[in-house]
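Chain by chain, the residues:
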Amino acid sequence: LRRNLLSNFCRLRIPLFLHTIPTQPTRFTFHQQHTMVVGGFTKQNTNSSDIQEVAQFALNQIKMRSNSINANQMEMANIVSAETQVVAGLNYRLVLAINTPNGKSQNYQVTVYKDLQGDMSLSNMSIQS
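Quantities reported herein were computed from a predicted structural model and do not represent experimental measurements. (Residues numbered from 1 in each chain as written. Predicted model: local features only at pLDDT ≥ 70, side-chain atom pairs only at ≥ 80, totals over all residues. Heavy atoms only, no water.)

Undergrad: Looking at this structure, I do not really get the pattern of salt bridges. What am I missing?
TA: A side chain with one charge can pair with a side chain of the opposite charge if their charged atoms come near. Per the counting criterion, the structure on display carries three salt bridges. Here Lys114 and Glu53 are joined by a salt bridge, their closest N and O atoms 3.9 Å apart. Here the residue Lys114 occupies a position in strand S4 (residues 105-114), and Glu53 occupies one in helix H2 (residues 49-65), the gap between them amounting to 61 residues. Arg93 is paired through a salt bridge with Glu83; the nearest N and O atoms lie 2.9 Å apart. (Salt bridge = Lys/Arg side-chain N within 4 Å of Asp/Glu carboxyl O. Helix = DSSP H or I, 4+ residues; strand = E, 2+ residues; numbered from the N terminus.)

Quick look at the structure:
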């Protein structure tokens, strides 16, 4: 009797158990405005006042570090892209289109660090070709 009960129990349970196993992997779709990677950079709106402030700071730093006599004539055409990374403060990675004194536009990729007190420093700058 005990063997029959155990045998009946297994016969009844196994098909139910196997029936609940999905045949296809379950996929979850999350609808978010931005995809965020922990410790990575997150895209930002280039029109935000914070990004505009950091871009202006970066332009002033580029002018100061430029070898050109006419560096003061450099003007920002637009902010091509902006990303932030949370650290002990914020890293801003921007691509700026800057009109140079010779009439050409060049893209500069800059990284600006803003500490917890709000002080900014240009930590990286390169001209994109």
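On we go.
Undergrad: Is there a simple way to explain the packing of aromatic side chains in this structure?
TA: The way to describe two aromatic rings as a pair is by their centre distance and the angle between their planes. Enumeration over the complete set of coordinates arrives at zero aromatic pairs. The positively charged end of Arg93 is found above the aromatic ring belonging to Phe41, 3.8 Å away from the centroid. (Phe/Tyr/Trp six-rings, centres within 6.5 Å; stacked < 30°, edge-to-face > 60°. Lys NZ or Arg CZ within 6 Å of the ring centre and 35° of its normal.)

Undergrad: Looking at this model, I keep getting lost on the nonpolar core. Mind explaining?
TA: Considering soluble globular proteins, one finds that nonpolar side chains tend to be buried as a cluster. Counting residues in each nonpolar core, the largest one holds 18 residues, and the members touching the most others are Leu94, Leu96, Ile98, Val110 and Val112. Every element with two or more residues in this core is listed here: H2, strand S2 (75-87), strand S3 (89-99) and S4. Among residues more than four places away in sequence, those in contact with Leu96 are Ala55, Ala58, Met76, Asn78, Ile79, Gln106, Asn107, Tyr108 and Val110. (Core = buried A, V, L, I, M, F, W, Y, C linked by side-chain atoms within 4.5 Å. Buried < 20%, exposed > 50% of the residue type's maximum accessible area, 1.4 Å probe, protein only. Contact = heavy atoms within 4.5 Å.)

Undergrad: So what exactly am I meant to see when it comes to the sheet that holds S4 here?
TA: Sheet strands pair via backbone hydrogen bonds, and the direction of the pair is either parallel or antiparallel. Sheet architecture is open: five strands sit in the order S1-S2-S3-S4-S5, paired in antiparallel fashion. Here the strands that pair on one side only, and so sit at the sheet edges, are strand S1 (42-43) and strand S5 (120-128). Looking at chain direction, S3 and S4 are connected through 10 bridges and run antiparallel. Bridged to Asn91 within S4 is Tyr113. Contacting S2, S3, S4 and S5, H2 crosses the sheet at an angle of about 65° to S3. (Pairing = 2+ DSSP bridges. Axes fitted to C-alpha atoms, helices over the stretch in contact; angles between N-to-C directions.)

Undergrad: Teacher, can you tell me more about the side chain of Lys63 here?
TA: With respect to the helices, strands and loops of the structure, Lys63 is situated in helix H2. An unpaired buried charge is present at Lys63: no salt bridge exists, and Glu75, the closest side chain of opposite charge, is 7.4 Å distant. Here Lys63 is in contact with Ala71, Asn72 and Met74, once residues within four sequence places are set aside. (Lys, Arg positive; Asp, Glu negative; His and termini not counted.)

Undergrad: Whenever I open this one, the environment of Asp115 confuses me. Can you help?
TA: Mapped onto the elements, Asp115 comes out in the loop between S4 and S5. When the C-alpha positions of Asp115 and Leu90 are compared, they lie 6.5 Å apart, and in sequence the two are 25 residues distant. If sequence neighbours within four positions are ignored, Asp115 has contacts with Ala88 and Gly89. A polar contact is formed between the side chain of Asp115 and the backbone nitrogen of Gln117, at a distance of 3.0 Å. (Polar contact = N/O pair within 3.5 Å; in protein donor to acceptor, adjacent residues only side chain to side chain.)

These results come straight from atomic positions and should not be treated as a statement about function.
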